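# Inside the fold
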Amino acid sequence: MKERLPEFTTLSSRPIERLYTPSSLEGFDPGRDLGEPGEFPFTRGVYPNMYRGRLWTMRQFAGFGTAADTNERFHYLLKQGQTGLSTAFDFPTLMGLDSESPRARGEVGVCGVAIDSLRDMEVLFGGIPLGQVSTSMTINSPATVLFAMYLEVAVKQGVGLEKLNGTVQNDCLKDFIAQKTWIYPPDPAMRLSCDLIEYAETEVPKWHPVSISGYHIREAGSTAAQELAFTLRDGIEYVEQCVKRGMKVDSFAPKLSFFFNAHSDFFEEIAKYRAARRIWARTMKERFGATNPEAMRVKFHTQTAGCSLTAQQPMNNVVRTTLQALSGVLGGTQSLHTNSLDETLALPTEESVRIALRTQQIIAHESGVANTVDPFAGSYFVEKLTNDLEEESLEYFRKIDAMGGMLRAIETGYPQREIIDASFKYQRQVETKEKIIVGMNDFTVENEKPLETLRVSPEVEARQVKTTREAKAKRNEKAMKAALADLNAATKTAKNLIPFIRNAVREYATLGEIVDTMKEEFGVYKDPGHY
Amino acid sequence: MERKLRILVAKPGLDGHDRGAKIIARALRDAGFEVIYTGLHQTPDMIVDAALQEDVDCVSLSILSGAHNYLFPEVIKQLKEKGMGDVTVIGGGIIPAEDIPELKKAGVKEIFLPGTDTRDVVKWINENVTPRKI
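Everything quoted here is computed from the prediction, not taken from an experiment. (Residues numbered from 1 in each chain as written. Chains lettered and ligands numbered in written order. Predicted model: local features only at pLDDT ≥ 70, side-chain atom pairs only at ≥ 80, totals over all residues.)

## Here we look at the overall build of chain B
The secondary structure content of chain B amounts to 5 helices and 5 strands. Beginning at the N terminus, the succession of helices and strands in chain B can be written as β-α-β-α-β-α-β-α-β-α. In summary, chain B has a C-alpha radius of gyration of 13 Å against a globular reference of 14 Å for 134 residues, a match within 12%. In chain B, which comprises 134 residues, the share counted as buried stands at 52%. The long-range fraction of contacts in chain B, counting pairs at least 24 apart against all pairs at least 6 apart in sequence, stands at 73%. (Helix = DSSP H or I, 4+ residues; strand = E, 2+ residues; numbered from the N terminus. Rg over C-alpha atoms; globule rule 2.2 N^0.38 Å. Buried ≥ 20, exposed ≤ 12 C-beta atoms within 10 Å, placed from the backbone. Contact = placed C-beta atoms within 7 Å.)

And the structure:
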């Protein structure tokens, strides 16, 4: 039979056959490998009725300029029917630098909101009842500090910490592998991540203290299987570290959350989410002896793939995002961010964010896909992909285990190299048109009209620096310094650092001051610069 | 025979998006250039020091954080101050079209936008960069 391509492959170069039949699923046992939704191994979903009970949380990531600018966007999004908040911080904040640091020049408020001290956090969440919304904060290396600030805002609002609901990303491992907003070397970074997990377990029990993230791994150029494997292996590393501290998996693991990318290969993505649930459930049960089903469930956030969007003919990005979002929903995501069409060019405008949110609402209320649970179960093709992705992940687990775990694998540069190789291979496939990107390497147009994009005013930097200087002038310098000295002393012990960080935050020590205090003991990480 | 061109692939600014920089570094290396990659989170003076130490002919800046309007001209200014004003500076990343004229005025010779074919970058360098006389 003549076919239009010599070989058919997924986006991640997985070969795909002409037809899948019962013989593709040899050894497959639906009772064992799928089970019922809401039951082990959770392949079909984490709840028995999924979106018939409650739709996924529509959670658009937002942040730019000063805290006041972003607070206004938050109020706008809530008014548009968004059901959770998600905070994007600027690069100086992600790197633990104050806005007045020379290294922050040109970056303040550009890619997210600038937060220097508790004062900014109070403004960021002004008029938003923290006991009623759920908030996600994408922050990693200085996660402990931003988390402490959030707790202090809640205290000032009179909201009990037991009522707080949300997520802090706090995933240092994927930072070394892919996102690269690192500060401290791997071992102290891991300690801080686990301090937060440990503290939240008792003090902020509804909170998700880590979002184990594949999103950035995929954006850095990994395949679907690498995203799945490295993310879940990172998860194993956190569990091992927490168990070493004497924490009980049945107690802390229910609050671990995950974050995946929704890329363009529709079926491969759906299979990826299904495989994630099954692998994690089996891992928690068999490797860690979990008995609480809650501790075996992968609950995850999904974001459509920023790296799939094109600067050329950007309106087409709405279509890409729709298909990706649909895969996330059919894969059973708990919350979703849909990218805006202009995000390869700048931060999104209010209009493009609204279209992105409407995309989710159309999927939820018009397409009918939320009416039943896991509609692809039993598809020879989807089940085969799910099995294959599981098998490939387990193979990666074996390799990384043999290296002594993920921290050690990171030190040798193993996951980083796997990702660079995959991204380079993909680039070649695009350049030779083995993979077609519509509007970019085929179906192009000449002389496109540029889009109107959002610009962050350069005055933001000056305004932010001024605000922080004023906040610093008002604080009790002696109490602030004492809090930092206590923190410094605590870094030299095995004590959980969160109470010390909270004390410093409460005295309006800045993010940069707190981060620098911990650098004295922990040191800093330098990019090995492999390519 | 002319010596191989030496190119510094540099990542100014605080963003961790090094996928593009690494792809460019590999593509340039595969095209036969001598490539030095700085790694992430470089300040302008770190980049200029590396350019000086490595005697490069071209500095290729990659940035996706939006801070290019400050950082690119700053690198060029410091290169000039160190007597390296003849080094060719090019850039790439998420750079709005309306920023390009100003960046070129500041001395950036070419800007490569998302979707660029690495072979076009190689071709541009071959046609526009010559070894500096050191």
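## Some remarks on the sheet that holds strand β9 (residues 335-337) of chain A
One key point about sheets: their strands pair by backbone hydrogen bonds, in either a parallel or an antiparallel sense. Residues and elements named next belong to chain A. In spatial order, the strands read β1-β9-β8-β7-β6; together these 5 strands make up an open sheet with parallel pairing. Sheet topology places β1 (57-58) and β6 (210-213) at the edges, where each strand pairs with a single neighbour. The pairing of β6 with strand β7 (residues 256-262) spans 4 bridges and is classified as parallel. What sits directly across from V210, in β7, is L256. (Pairing = 2+ DSSP bridges.)

## Thoughts on the pairing of strand β8 (residues 300-304) of chain A
All names here are of chain A. For β8, the buried fraction is high: 5 of the 5 residues fall into the buried class. Neither face of β8 is exposed, since F300, T302 and T304 on one face and H301 and Q303 on the opposite face are all buried. Of the strand pairs in this sheet, β7 and β8 are connected by 5 bridges, and their pairing is parallel. Bridge assignment links F260 to a residue of β8, and that residue is T302. In the classification by handedness, the crossover that spans β7, the intervening helix α11 (residues 266-287) and the parallel β8 is right-handed. One ladder, built from 3 bridges, connects β8 with β9; its direction is parallel. Along β9, the bridge assignment pairs Q303 with H337. Handedness of the β8-helix α12 (residues 316-330)-β9 crossover: right-handed. (Right-handed = clockwise from strand over helix to strand, strands pointing away.)

## What to know about the pairing of strand β4 (residues 88-93) of chain B
Residues and elements named next belong to chain B. Most of β4 is tucked away: 6 of the 6 residues are buried. Here β4 shows two buried faces, one formed by T88, I90 and G92 and the other by V89, G91 and G93. In this sheet, β4 lies alongside strand β3 (residues 58-63) in parallel orientation, the contact comprising 6 bridges. Residue pairing across strands places C58 opposite T88, the latter belonging to β4. Handedness of the crossover joining β3 and β4 through helix α3 (residues 68-81): right-handed. Of the pairings in the sheet, the one linking β4 to strand β5 (residues 110-112) comprises 3 bridges and is parallel in character. Within β5, the residue paired with G91 across the bridge is I111.

## Examining the environment of A:V430
For A:V430, the location among the structural elements is in helix α16 (residues 414-431). Dropping the residues within four chain positions of it, A:V430 is found in contact with A:K435, A:I437 and A:N441.

## Side note on the confidence of the model for chain B
When pLDDT is averaged along chain B, the result is 95; 99% of the residues meet or exceed 70. Here the predicted complex carries an ipTM of 0.93, next to a pTM of 0.96. (pLDDT = per-residue confidence, 0-100.)

## Digging into helix α6 (residues 172-179) of chain A
Residue and element names in this part refer to chain A. Among the 8 residues in α6, 8 count as buried, and that is most of the element. Every buried residue belonging to α6 is among C172, L173, K174, D175, F176, I177, A178 and Q179, and all of these are buried. Buried residues belonging to α6 abut α7 (186-203), β6, α8 (215-219), α9 (224-244), α15 (406-412) and α16. Among the residues trailing α6, K180 stands out with phi positive, at a value near 65 degrees.

## So, the sheet that holds strand β1 (residues 6-10) of chain B
Residue and element names in this part refer to chain B. Taken in spatial order, the 5 strands line up as β2-β1-β3-β4-β5 in an open sheet, and their pairing is parallel. Whereas interior strands pair on both sides, the edge strands pair on one side only; in this sheet they are β2 (34-37) and β5. Pairs of neighbouring strands in the sheet enclose a mean axial angle of 20 degrees, with direction left out of account. Sheet topology places β1 next to β3; 4 bridges connect them, and they run parallel. Looking at the pairing, I7 lines up with C58 of β3. Its contacts with the sheet place helix α2 (residues 44-53) against β1, β2 and β3, and it is angled at close to 165 degrees to β1. (Axes fitted to C-alpha atoms, helices over the stretch in contact; angles between N-to-C directions.)

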